[in-house]
Every structure is written in C-alpha cells, then in structure tokens.
Amino acid sequence: QVQLVDSGGGLVQTGGSLRLSCVASGRAFSMYRYAMGWFRQAPGKEREFVSAISWSGGNTYYADSVKGRFTISRDNAKNTVYLQMNSLKPEDTALYYCAADSSGTVAMRGIDYWGQGTQVTVSS
C-alpha cells in the first residue's frame, strides 16, 4: 500500500507564491515507477487537473490555466513531488490533492492513490 501526504497550502495575497509538497510512503511505492500529479477542487466545481510529472521527471504537463505560473518537480530519493505556484490568482483558490499513477506517464488516466488535500486560498 501507498500513503500520500500533501502539505504546504495556506493563505496568500494575489501575486504571491506557495510551494506544495507531497511525500509518499509504503513498500509499494518503491516497487513501481509512479507518475505524480496535482489536482484541485474549488467550491461548487468539479475536480480538475493541474499538473503531472513522469517518474523520471523528464516529462511534465500543465493545465492551460497554470502554464507559466506553476512548476512541478520531484525528488525520487525523498519520495516527494512539489508544486511551486507563483503569481497566484484568486481563481487558484481550491483544495489541492496530489496523486500517484503506476502507469508512470503524465496522462494520469488511472490514479492509484490520492493525498488528503491541502487548502490554498488566494485573497484579492
């Protein structure tokens, strides 16, 4: 089994920055080359894709709404994925979830595990 713990959310003003982290643990995580990604869900809206990174880190993908502002990265030695969020906007306000996909690609079509979520609030 795999456990994902995401953190780093908080309250920030428009134009500010936050760095989210997601730490994976469990024996299963070391046995597969998981792609990792981030999703978010705002009040009254469905969960949406934000970004993903392949196991090697060689491929990344971003939703159009965050391109140029967010950067995803990972450190496999630490079993950790990060989401650096810059130039934040009020519309970025949401509960952010990290996810792991054993396919190892950025398609993220079959999520195996989810984090518990970390809240990001951007004030205007």
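Above this text you will find the structure in question.
The following refers to the structure shown. (Residues numbered from 1 in each chain as written. Predicted model: local features only at pLDDT ≥ 70, side-chain atom pairs only at ≥ 80, totals over all residues. Heavy atoms only, no water.)

Observations concerning the overall build of the chain
- Looking only at helices and strands, one finds 0 helices and 11 strands in the chain.
- When the helices and strands of the chain are placed in sequence order, the string is β-β-β-β-β-β-β-β-β-β-β.
- Computed over its C-alpha atoms, the radius of gyration of the chain comes to 14 Å, within 12% of the 14 Å expected for a compact globule of 124 residues.
- Each principal axis of the C-alpha atoms in the chain carries an extent, and together these give about 45 × 25 × 25 Å.
- Going through the 124 residues of the chain one by one, you find that 44% of them count as buried.
- Partitioning the contacts of the chain with sequence separation of at least 6, the portion at a separation of at least 24 is 57%.
- Surface exposure of the chain reaches about 6500 Å², of which carbon and sulfur atoms provide 47%.
- Separation of charge centres in the chain, based on 12 positive and 9 negative side chains, amounts to 5 Å. (Helix = DSSP H or I, 4+ residues; strand = E, 2+ residues; numbered from the N terminus. Rg over C-alpha atoms; globule rule 2.2 N^0.38 Å. Buried < 20%, exposed > 50% of the residue type's maximum accessible area, 1.4 Å probe, protein only. Contact = heavy atoms within 4.5 Å. Areas by Shrake-Rupley, 256 points an atom, 1.4 Å probe, with all protein chains shown as cover. Lys, Arg positive; Asp, Glu negative; His and termini not counted. Charge placed at Lys NZ, Arg CZ, Asp CG, Glu CD.)

Some points on the sheet that holds strand 8 (residues 80–85)
- Taken together, 4 strands build an open sheet; the order of strands is 1-3-8-7 and the sheet is antiparallel. Single-partner strands in this sheet number two, and they are strand 1 (3–7) and strand 7 (70–75). Taking the axes of each pair of neighbouring strands and ignoring which way they run, one obtains an average angle of 15° across the sheet.
- As judged from the 6 bridges shared by strand 3 (residues 18–25) and strand 8, these two strands associate in the antiparallel manner. Paired with Arg19 across the strands is Gln84, a residue of strand 8. (Pairing = 2+ DSSP bridges. Axes fitted to C-alpha atoms, helices over the stretch in contact; angles between N-to-C directions.)

Observations regarding unusual backbone geometry
- In this structure, Asn79 takes a positive phi of about 55° despite not being glycine.
- On the secondary structure map, Asn79 appears in the loop between strand 7 and strand 8.

Side note on the environment of Cys98
- Tracing the chain through its elements places Cys98 in strand 9 (residues 94–101).
- In this view, Cys98 contacts Leu4, Asp6, Cys22, Gly37, Trp38, Tyr113, Trp114 and Gly115; residues no more than four positions away in its chain are not counted.

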